[in-house]
Amino acid sequence: GGIITQTPKFLIGQEGQKLTLKCQQNFNHDTMYWYRQDSGKGLRLIYYSITENDLQKGDLSEGYDASREKKSSFSLTVTSAQKNEMAVFLCASSIRTEVFFGKGTRLTVV
Amino acid sequence: GDSVTQTEGLVTLTKGLPVMLNCTYQTTYSPFLFWYVQHLNEAPKLLLKSSTDNKRTEHQGFYATLHKSSSSFHLQKSSVQLSDSALYFCALVSNYNVLYFGSGTKLTVEP
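What you see is a predicted model; the values in this text were computed from it and never measured.

To continue, consider the nonpolar core. Residues and elements named next belong to chain B. Leu33, Trp35, Leu47, Leu75 and Tyr88 are the most contacted members of the largest nonpolar core, which totals 24 residues. Put simply, the parts of the chain that give this core at least two residues each are strand E2 (10-14), strand E3 (19-21), strand E5 (33-38), strand E6 (45-50), strand E8 (62-65), strand E10 (86-93) and strand E12 (105-110). Looking at which element gives the most residues to this core, the answer is E10, with four residues.

Here it is as structure tokens:
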């Protein structure tokens, strides 16, 4: 079976800092996603990509950039971290209707 | 655009009781609905999925029926267990295989 690896697992940043989160999948899936999950709440779509070098904005794209330079990897950049921001960022990949998630990167901004 | 609505944010039940978590959706495409479960500090995992109208789908004691007439896909279980305590998300896949999630329902099962 495949796996989605997100790095780092925990990320502590400072206000105003640019932070990059990475995601790798070995499913050979075409579509990849970044979701943000605030504590105990739903998942909001930040960016998705349907193939290498494709980028599509989700509902929460403001304040973020993304990059899909290879089919297997999808990175997310927080362009300017907001003070007291705390959230888990989940990467996912899919083929047809099967979606698989990574374990997440937990971001804390001090 | 596409959207999913879950009306209950928090549900607390005693072990052994039945549960129904509501999910309604809006889409202009042929609907494909999912339920995901997320236990504490884990990734969301697929629980159920369906695109067939009026057909019950079951897994691990949970079941749901897609009703296109009412745009609903409610999740049910006849007898909840302590291990069912988790976040439950209803989701809809759109035209480009993008998964849109509802806001989630936190289910807490008490002894």
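Alright, that's what it looks like, and here's the rest.
On average, chain A scores 93 in pLDDT, and the residues at 70 or more come to 99%. Looking across chain A, the model is least confident in strand E10 (residues 98-101) of chain A, with a mean pLDDT of 86, and most confident in strand E8 (residues 73-78) of chain A, with 98.

Applying the stated criterion across every chain, the model contains seven salt bridges over all chains. Put simply, Glu42(B) and Lys45(B) hold a salt bridge, and the shortest N to O gap is 3.7 Å. Judged by relative accessible area, Lys45(B) falls into the partly exposed class, the value being 49%. Note that Asp84(B) and Lys77(B) form a salt bridge whose closest N and O atoms lie 2.7 Å from each other. Under the relative-accessibility criterion, Lys77(B) is labelled buried at 10%. Salt bridges here are not isolated pairs; linked through shared partners, they connect Arg36(A), Asp38(A), Arg44(A) and Glu85(A).

The next subject is the state of the cysteines. Residue and element names in this part refer to chain A. Under the definition given, this model contains two disulfides over all chains. The disulfide partner of Cys23 is Cys91, and the gap between their sulfur atoms is 1.9 Å. Judged by the torsion about the S-S bond (-75 degrees), the Cys23/Cys91 disulfide is left-handed. Residue Cys23 is located in strand E3 (residues 19-25), and its partner Cys91 is located in strand E9 (residues 86-95); the two are separated by 68 residues in the primary sequence. For Cys91, a relative accessible area of 0% gives the class buried.

Parameters and conventions
- Along every chain, residues carry numbers that run from 1 in the direction the sequence is written.
- Here chains are named by letter from A upward and ligands by number from 1 upward, in the order in which they appear as written.
- Only residues with pLDDT of 70 or above have their local features reported here, since the model is predicted, and side-chain atom pairs are shown and tallied only from 80 upward, although totals for entire chains, interfaces and linings are computed over all residues.
- The basis for every side-chain value is the complete set of non-hydrogen atoms in the structure, without hydrogens or water.
- Remark: nonpolar core denotes a set of buried residues (Ala, Val, Leu, Ile, Met, Phe, Trp, Tyr, Cys) joined through side-chain atoms within 4.5 Å.
- Think of it in three bands: residues with accessible area under 20% of the maximum for their type are buried, residues over 50% are exposed, and the middle band is partly exposed, with areas taken using a 1.4 Å probe on protein chains only.
- Each helix is a run of H or I in the DSSP string that is no shorter than four residues. Each strand is a run of E no shorter than two, and both are numbered from the N terminus.
- The predictor rates its confidence in each residue with pLDDT, a number between 0 and 100.
- Whenever Lys or Arg places a side-chain nitrogen within 4 Å of a carboxyl oxygen from Asp or Glu, that contact is recorded as a salt bridge.
- We call a pair of cysteine sulfur atoms a disulfide whenever their separation is within 2.5 Å.

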